[in-house]
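# Fold and contact review
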Amino acid sequence: MAGDLGMMPGMTAVLVIEDDDRIRLALLLALEDEGYDAVGAATAEEGLRVQRRNPADYVLVDLMLPGLDGFECIRHLRRDDDVPVVVVSARDDTHDIVAALEAGADDYVVKPVAIKELTARLRALRRRARAGVAGSAPEPVPVLAFGELEISPDGGEVRRAGQPVPVTRTEFRLLCELAEHAGRVLSRQQLLQRVWGYDSGDERLVDVHVGRLRQKIESDPATPRHLVTLRGLGYKLQR
């Protein structure tokens, strides 16, 4: 039964950190019906203890938690854990989405949650993780240069004017996807499919990541030289 009794061996485990008892129970039961081993925690502190004791394959985090809030919970998880983290929150402001992704979340889903959409997101995260482990390129990919910006798909590095640029895993995948199609416009939906593995979803995920990348790779993010927007069409990376 879904609850706080610990994970079942051999099953994909999901930890749900949600302080609203009704929402937490509904998520736990729905995930269990979908074949997951789901365990819940009412606070960030409790959830962090559960994850340290018996690590889950995914963690769902609400932002409005008592005590340690969801943003801090994600930061604590990221200090020593690479588990995929999905925010499940009623807060749909872009600033909250940016802050959650900056804290280390992999995805953001707005309540009320459709369980089929949520589990599709979890499966996409798993495919991305597996591709990162097993999906080495058959031939070496050269360093891709865009002025003073250099992207090394094989090395997992981004440099600007010779200096390392700290990017998240998702930012790196997005940058590589755009670099591999240099000069071509990719729509938000195409990027959602290719980078996140989603057939559909909130296009703000793309916009937020593009905005964050511009802050890191552009000399003047307000007037980007390389990562440009084609209004109504999408984004492209140009030399």
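For the structure, see preceding data.
For every chain, the first residue of the written sequence is number 1, and numbering continues from 1 along that sequence. Predicted model: local features are reported for residues with pLDDT of at least 70 only, side-chain atom pairs are reported and counted for 80 or more only, and whole-chain, interface and lining totals are derived from all residues. Values shown for side chains rest on all heavy atoms present in the structure; no hydrogens or waters enter the calculation.

## Things to note about the overall build of the protein
Formally: The secondary structure listing takes helices from DSSP runs of H or I that are at least 4 residues long and strands from runs of E that are at least 2 residues long, numbered from the N terminus. Working definition: with a 1.4 Å probe on protein chains only, accessible area under 20% of the residue-type maximum means buried, over 50% means exposed, and in between means partly exposed. Methods summary: accessible areas were calculated by the Shrake-Rupley approach with a probe of 1.4 Å, and residue burial reflects only the protein chains presented.
Helices and strands together make up the secondary structure of the protein, namely eight helices and eleven strands. When burial is assessed residue by residue, the protein has 44% of its 239 residues classed as buried. In the form shown here, the protein has an accessible surface area of approximately 11900 Å², with 51% of it arising from carbon and sulfur atoms.

## Here we look at the packing of aromatic side chains
Aromatic rings considered in pairs are described by the distance between their centres and by the relative angle of their planes. Which entries qualify depends on this criterion: Any two of the Phe, Tyr and Trp rings considered here, Trp counted by its six-membered ring, make a pair once their centres fall within 6.5 Å; the pair's planes then place it as stacked at under 30 degrees, edge-to-face at over 60, or tilted in between. Sitting over a ring, as applied to charges here, requires NZ of Lys or CZ of Arg to be within 6 Å of the ring centre and within 35 degrees of the ring normal.
Scanning the model with the defined rule gives zero aromatic pairs in all. A cation over an aromatic ring shows up here: arginine 239 above the ring of phenylalanine 146, its NZ or CZ 4.5 Å from the ring centre.

## Brief notes about unusual backbone geometry
Put simply, lysine 111 and proline 112 share a cis peptide bond, and its omega is 0 degrees. Within the secondary structure, proline 112 sits in the loop between strand 5 (107-110) and helix 5 (115-134). Phi at alanine 161 takes a positive value of approximately 55 degrees, unusual for a residue other than glycine. Mapped onto the secondary structure, alanine 161 falls in the loop between strand 8 (157-160) and strand 9 (163-164).

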